Amino acid sequence: AQSVTQLGSHVSVSEGALVLLRCNYSSSVPPYLFWYVQYPNQGLQLLLKYTTGATLVKGINGFEAEFKKSETSFHLTKPSAHMSDAAEYFCAVSGGSTLGRLYFGRGTQLTVWP
Amino acid sequence: GAVVSQHPSWVICKSGTSVKIECRSLDFQATTMFWYRQFPKQSLMLMATSNEGSKATYEQGVEKDKFLINHASLTLSTLTVTSAHPEDSSFYICSARSDRDEQYFGPGTRLTVT
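Reading the values: rules and limits
Residues numbered from 1 in each chain as written. Chains lettered and ligands numbered in written order. Predicted model: local features only at pLDDT ≥ 70, side-chain atom pairs only at ≥ 80, totals over all residues. Heavy atoms only, no water. Helix = DSSP H or I, 4+ residues; strand = E, 2+ residues; numbered from the N terminus. Rg over C-alpha atoms; globule rule 2.2 N^0.38 Å. Buried < 20%, exposed > 50% of the residue type's maximum accessible area, 1.4 Å probe, protein only. Contact = heavy atoms within 4.5 Å. Areas by Shrake-Rupley, 256 points an atom, 1.4 Å probe, with all protein chains shown as cover. Lys, Arg positive; Asp, Glu negative; His and termini not counted. Charge placed at Lys NZ, Arg CZ, Asp CG, Glu CD. Pairing = 2+ DSSP bridges. Axes fitted to C-alpha atoms, helices over the stretch in contact; angles between N-to-C directions. Disulfide = S-S within 2.5 Å. Buried area = accessible area lost by both parts, 1.4 Å probe. Polar contact = N/O pair within 3.5 Å; in protein donor to acceptor, adjacent residues only side chain to side chain. Nonpolar A, V, L, I, M, F, W, Y, C, P; charged D, E, K, R; others polar. Salt bridge = Lys/Arg side-chain N within 4 Å of Asp/Glu carboxyl O. 1 Å grid on protein atoms, 1.4 Å probe; cavity = no way out; pocket = protein on both sides within 12 Å on 5 of 7 lines; lining within 4 Å. Points joined across faces, edges and corners; volume = space filled by probe spheres on them.

*Asks:* Honestly, the overall build of chain A in this entry has me stumped. Any pointers?
*Replies:* When its secondary structure is counted, chain A shows 0 helices and 12 strands. The order of helices and strands in chain A, counted from the N terminus, is β-β-β-β-β-β-β-β-β-β-β-β. Taken against the 2.2 N^0.38 rule, which gives 13 Å for 114 residues, the C-alpha radius of gyration of chain A at 13 Å falls within 12% of a compact globule. Viewed in the frame of its principal axes, chain A has a C-alpha envelope of about 40 × 30 × 20 Å. Within chain A, buried positions represent 43% of all 114 residues. Counted over contacts in chain A with a minimum sequence separation of 6, partners at least 24 positions apart contribute 57%. Summing over all exposed atoms, chain A offers an accessible surface of approximately 5300 Å²; the carbon and sulfur share of this is 54%. For chain A, the distance from the average position of its 8 positive side-chain charges to the average position of its 6 negative side-chain charges is 9 Å.

Written as structure tokens, this is what we have:
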């Protein structure tokens, strides 16, 4: 079975500051890991994903995440926050496939202060 | 990139009536579509997996007679909420799986039952 824990339901940073959103997963098989962003009243947009290979994954809008198997983590980072990054972020895991069902974390609301 | 649309984007209906939500893959064929439900400030919960030409697979606790799913073509899946009640008010999101091993999410439909 797969599950995701996102530490911190709310994260606030100043514009230009480092963004760090935490995600830990549990999976009985090699996981595929995803980060999605959701703006108010909209669907989900894929930021990045890890399947196999390089553990540091770069995504859109300057975000990146690193798969750390020993820590069962897939934290999302961005060196410098922008006002437009304010949104809800979801970490998700699937059981070794991009085709199967996704298990989502509870989400982290990112607020960016000017 | 692949686009998934949902219609309507929002709907208000009276208690006891039925509402149909459409999910379309606009530029690709999707043999599998997923239906999620999202309560305010919460994560996405998978309701059912819809396979073209066959019956949907419902998650535990989801009433299949209340949430009717039809996947009649490779580009269209519908979710019908029958005899809606205020507790069915939620944000419903679909995703479609392409043959390039990606899931694409629709923009969501906000249902309010009065």
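*Asks:* Which parts of the structure should I look at to understand the sheet that holds strand β1 (residues 4-7) of chain B?
*Replies:* Remark on secondary structure: sheet strands pair via backbone hydrogen bonds, oriented parallel or antiparallel. Residues and elements named next belong to chain B. The 4 strands are arranged β1-β3-β8-β7 in an open sheet whose pairing can be described as antiparallel. Two strands bound the open sheet, and with one partner strand each, they are β1 and β7 (67-73). Each strand of the sheet is rotated relative to its neighbour by a mean of 15°, with strand direction disregarded. Across 6 bridges, strand β3 (residues 19-25) lies against strand β8 (residues 76-81) in antiparallel orientation. If you follow I21 over to β8, its bridge partner there is L79.

*Asks:* Looking at this structure, how should I read the state of the cysteines?
*Replies:* Structurally, a disulfide amounts to a covalent bond that connects the sulfur atoms of two cysteines. Residue and element names in this part refer to chain A. Per the counting criterion, the structure on display carries 2 disulfides over all chains. One disulfide bridge connects C23 with C91, the sulfur atoms lying 1.9 Å from each other. Between C23 and C91, the S-S torsion sits near -65°, and that sign places the bridge as left-handed. Placement of the pair is C23 in the loop between β3 (19-21) and β4 (24-27) and C91 in strand β10 (residues 87-94), with a sequence separation of 68 residues. On the basis of relative accessible area, C23 is assigned to the buried category, the value being 0%.

*Asks:* Is there a simple way to explain the interface of chain B and chain A in this structure?
*Replies:* A common way to report how large an interface is uses the accessible area buried once the components associate. The interface of chain B with chain A comprises 19 residues on the first partner and 17 residues on the second. Both sides together, the interface formed by chain B and chain A hides about 1600 Å², and carbon and sulfur atoms give 48% of it. The largest share of the area that chain B buries against chain A comes from S43(B), Q103(B) and F105(B), three residues that together contribute 28% of it. Taken together, the connections running from chain B to chain A amount to 3 residue pairs in polar contact (both at pLDDT 80 or more). Taken together, the residues that form the side of chain B that touches chain A break down as 8 nonpolar, 6 polar and 5 charged.

*Asks:* Please explain the pattern of salt bridges as it appears in this structure.
*Replies:* Close approach of charged atoms lets side chains of opposite charge pair. In this structure the tally under the stated criterion is 4 salt bridges over all chains. Between K58(A) and E64(A) there is a salt bridge whose closest N-O contact spans 2.7 Å.

*Asks:* What is the right way to look at unusual backbone geometry in this model?
*Replies:* Glycine aside, the phi torsion of most residues is negative, and most peptide linkages are trans. With omega at 0°, the peptide bond leading from H7(B) into P8(B) counts as cis. Its location among the elements puts P8(B) in the loop between β1 and β2 (10-13). The backbone of T72(A) sits at a positive phi, close to 45°, despite the residue not being glycine. Note on placement: T72(A) falls in the loop between β8 (64-68) and β9 (73-78). What makes T72(A) partly exposed here is its relative accessible area of 33%. With a phi close to 45°, S83(B) is a non-glycine residue in the positive phi region. Relative to the helices and strands, S83(B) resides in the loop between β8 and β9 (90-97).

*Asks:* I keep staring at the layout of surface pockets and nothing clicks. Help me out?
*Replies:* Sizing a probe to match a water molecule and rolling it over the atoms shows the empty space that remains. Considered as a void within the structure, the largest pocket measures approximately 340 Å³ in volume. At 3 residues, β10(A) tops the list of elements feeding residues into the lining of the largest pocket. In the lining of the largest pocket, the residues fall into 8 nonpolar, 6 polar and 3 charged. The calculated volume of the second largest pocket comes to roughly 180 Å³. In terms of lining, the second largest pocket is formed by 13 residues, of which the most central are R101(A), Y103(A), F104(A), L44(B) and M45(B).

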